[in-house]
Amino acid sequence: GAGVSQTPSNKVTEKGKYVELRCDPISGHTALYWYRQSLGQGPEFLIYFQGTGAADDSGLPNDRFFAVRPEGSVSTLKIQRTERGDSAVYLCASSSTGGTEAFFGQGTRLTVV
Amino acid sequence: AQRVTQPEKLLSVFKGAPVELKCNYSYSGSPELFWYVQYSRQRLQLLLRHISRESIKGFTADLNKGETSFHLKKPFAQEEDSAMYYCALTGSGGSYIPTFGRGTSLIVHP
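These numbers come from a predicted model, not from an experiment. (Residues numbered from 1 in each chain as written. Chains lettered and ligands numbered in written order. Predicted model: local features only at pLDDT ≥ 70, side-chain atom pairs only at ≥ 80, totals over all residues. Heavy atoms only, no water.)

Undergrad: Could you give an account of the state of the cysteines, naming the residues involved and the relevant values?
TA: Residue and element names in this part refer to chain A. Applying the stated criterion across every chain, the model contains 2 disulfides over all chains. One disulfide in the model links Cys23 with Cys92; its S-S distance is 1.8 Å. Classification of the bridge connecting Cys23 and Cys92 rests on its S-S torsion, roughly -65°, and on that basis the disulfide is left-handed. One end of the pair, Cys23, is in strand β3 (residues 19-24); the other, Cys92, is in strand β9 (residues 88-95), with 69 residues separating them in the sequence. Each member of the pair, Cys23 as well as Cys92, is classed as buried. (Disulfide = S-S within 2.5 Å. Helix = DSSP H or I, 4+ residues; strand = E, 2+ residues; numbered from the N terminus. Buried < 20%, exposed > 50% of the residue type's maximum accessible area, 1.4 Å probe, protein only.)

In C-alpha cells, the structure reads:
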C-alpha cells in the first residue's frame with residue numbers, strides 16, 4: 001500500500017475483554033513501532049520490531065500487552081483484560097532499514113467502557 | 001534516558017506574526033532531532049530534521065547543543081500552519097526509536 005494502514009480505525013470494547021489492533025506497514029520497511037497516545041500527550045513508545053523480532057519491548061506497560069510480527073510485515077498489538085485506562089489512540093509507524101524517519105498510520109482509537 | 005520537553009501546550013498567534021515553538025532535550029550522546037506535524041484529521045508526518053538543515057513550508061529549526069534545544073521557527077505564520085507540532089529525538093548507535101515531546105498546539109488566527 002501507499003502508506004501505513006491500521007485497522008480498525010475505532011474500537012469500543014467492554015472492560016475485561018480482549019482486543020487486537022492491526023498494523024500494515026509500508027512494504028519493505030523492516031522497522032515497526034507501536035505507540036500509545038493519550039489525550040493531551042505525545043506518542044508514548046510501546047514496542048519496536050526489527051524484522052520479525054521484538055528488538056525493544058521496554059515500553060509495554062504490563063503483561064496484558066503483547067505484540068507480534070510473525071512474517072516481518074503485518075503486526076498485531078494484543079491487549080488482554082482491557083481496563084478503562086487503556087483507552088487511547090494506538091499509533092503504528094514504520095521505517096526503512098537504517099532510516100530515521102518514521103511513517104505513521106492514522107491510528108486506532110480504543111475506548112474501553 | 002532520553003527526554004524531549006515542549007514547555008508550551010498551546011501557542012496562539014495572528015497571521016503574519018513570527019512563531020517559535022520551543023523544544024529542549026536530554027540525551028547523553030549525539031541525538032538526531034526532528035519536528036513532526038499533525039494537521040486536523042491527518043496522520044502524524046515528518047516536517048523537518050536537523051541533519052537536513054532545510055526549510056520546509058517556511059519553517060526552520062537549528063540544533064543548539066550547548067542549550068540542548070531545537071526550537072522551530074517561522075517568520076510569518078499562515079492560517080494553514082495551525083496544527084499540533086511534536087518535537088522528537090532518536091539516539092545514535094543504531095537505536096532509532098523516536099522519543100516524542102507532548103506536543104504544542106499552534107493556532108494561527110486570521
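From this point, the narrative continues.
Undergrad: Residue-level account of the interface of chain B and chain A, with values.
TA: Counting residues at the interface gives 15 residues for chain B and 20 residues for chain A. Sorting the residues of chain B by area buried against chain A places Arg43(B), Tyr96(B) and Ile97(B) first, and these three jointly supply 39% of that buried surface. Counting every contact that joins chain B to chain A gives 1 salt bridge. Two residues, Glu101(A) and Arg49(B), come together in a salt bridge whose shortest N-O distance is 3.2 Å. For the side of chain B that touches chain A, the secondary structure elements donating two or more residues are β5 (32-38), β6 (45-49) and β9 (83-90) of chain B. For the side of chain B that touches chain A, the leading source of residues is β5(B), giving 3 residues. (Contact = heavy atoms within 4.5 Å. Buried area = accessible area lost by both parts, 1.4 Å probe. Salt bridge = Lys/Arg side-chain N within 4 Å of Asp/Glu carboxyl O.)

Undergrad: Which residues make up the sheet that holds strand β3 (residues 19-21) of chain B, and what values do they have?
TA: With respect to topology, 3 strands assemble into an open sheet ordered β3-β8-β7 (chain B), the strand pairing being antiparallel. Unpaired on one side and paired on the other, β3 and β7 (60-61) of chain B mark the two borders of the sheet. (Pairing = 2+ DSSP bridges.)

Undergrad: Could you give an account of the packing of aromatic side chains, naming the residues involved and the relevant values?
TA: The relative placement of two aromatic rings is captured by the distance of their centres and the angle of their planes. Residue and element names in this part refer to chain A. Inspection of the entire model under this criterion finds 10 aromatic pairs over all chains. For the pair Tyr35 and Phe104, a centre-to-centre distance of 5.9 Å together with 45° between the ring planes defines the contact as tilted. Of this pair, Tyr35 sits in strand β4 (residues 31-37) while Phe104 sits in strand β10 (residues 103-104), and the two are 69 residues apart along the sequence. For the pair formed by Tyr35 and Phe104, the shared burial category is buried. (Phe/Tyr/Trp six-rings, centres within 6.5 Å; stacked < 30°, edge-to-face > 60°.)

Undergrad: Just give me the short version of the pairing of β4(A), but keep the residues and values in it.
TA: Residue and element names in this part refer to chain A. The buried count for β4 comes to 7 of 7 residues, which makes it a mostly enclosed element. Of the two faces of β4, the one carrying Ala31, Tyr33, Tyr35 and Gln37 and the one carrying Leu32, Trp34 and Arg36 are both buried. Where β4 meets strand β5 (residues 44-50), 6 bridges bridge the pair, whose relative direction is antiparallel. The residue of β5 that forms the bridge with Leu32 is Phe49. Between the antiparallel neighbours β4 and β5 lie 6 residues, among them Gly40 with a positive phi of about 80°. Bridge count between β4 and β9: 7 bridges; the pairing is antiparallel.

Undergrad: Can you explain unusual backbone geometry? Please cite residues and give values.
TA: The amide bond that connects Thr7(A) to the next residue, Pro8(A), takes the cis arrangement and shows omega of -10°. Phi at Lys57(B) is positive, roughly 55°, even though this residue is not glycine. By secondary structure assignment, the location of Lys57(B) is in the loop between β6 and β7.

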